[in-house]
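Take a look at the letters that make up each chain.
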Amino acid sequence: MTGALVILAVTLLAGVVLYLTRDRNPGPQAEPELPETEAEEECCGRHLVCDKREPLSEPLYFDDEELDRFSGREPSDYSPEEVEEFRQVLYTLLPADVYPWGASLTVRDIALPAELRDEWIMLCNDTTTH
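Source: prediction; values computed, not measured.

About the cut-offs
Residues numbered from 1 in each chain as written. Predicted model: local features only at pLDDT ≥ 70, side-chain atom pairs only at ≥ 80, totals over all residues. Heavy atoms only, no water. Helix = DSSP H or I, 4+ residues; strand = E, 2+ residues; numbered from the N terminus. Buried < 20%, exposed > 50% of the residue type's maximum accessible area, 1.4 Å probe, protein only. Contact = heavy atoms within 4.5 Å. Areas by Shrake-Rupley, 256 points an atom, 1.4 Å probe, with all protein chains shown as cover. Phe/Tyr/Trp six-rings, centres within 6.5 Å; stacked < 30°, edge-to-face > 60°.

Caption draft 1: Region of the structure containing the overall build of the protein. When you go through the protein residue by residue, the secondary structure sums to five helices and zero strands. Evaluated residue by residue, the protein yields a buried proportion of 22% over its 130 residues. Put simply, of all contacts in the protein between residues at least 6 apart along the chain, 69% involve residues at least 24 apart. For the protein, the computed accessible surface area is about 10100 Å², with 58% contributed by carbon and sulfur atoms.

Set out below in structure tokens:
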């Protein structure tokens, strides 16, 4: 019984000492400095999840030069026939080419039709999880 009282007393004493010596006003926390390579990589904000892949400097073509006529169009302005043109190209791509194709459209200022955006994202996710 005496041993339990000694342990209790030591625990209480340690708790009181910690309580009295804690920092009550810590002040602003300094942000950790990132290494120079990480600090330079900022998110472009164009993606739902920050994509750190190397951006395309020149457009790549995937046998889809005919899509260049859609440059500058809004995603919701396509006719059903035009959406099918995009869908035909999308579903004939190799899995590894799905993301680069979308990036190439962006470089070429071609908006993916709104109806295909979710399908393109799903196909991109399928290629990165396998």
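On we go from here.
Caption draft 2: Spotlight on the packing of aromatic side chains. In this structure the tally under the stated criterion is four aromatic pairs. Seen from their ring centres, F70 and Y78 are 5.4 Å apart, and the 85° between their planes marks the pair as edge-to-face. For Y78, a relative accessible area of 7% corresponds to the buried category. Among the aromatic residues, those joined into a ring-pair cluster are F70, Y78 and F86.

Caption draft 3: Unusual backbone geometry, seen in detail. Residue D109 is not a glycine yet carries a positive backbone phi of 60°. Using a relative accessible area of 48% as the deciding quantity, one classes D109 as partly exposed.

Caption draft 4: Local environment of the environment of L60. Relative to the helices and strands, L60 resides in the loop between α2 (36–40) and α3 (80–90). For the pair L60 and A103, spaced 43 residues apart in the sequence, the C-alpha separation amounts to 8.6 Å.

Caption draft 5: Here's a closer look at helix α4 (residues 98–107). Across the ten residues that make up α4, a large majority, seven, are buried. Residues of α4 that are buried: V98, Y99, W101, G102, A103, S104 and L105. Positive backbone phi, approximately 60°, marks D109, located one or two places after α4.

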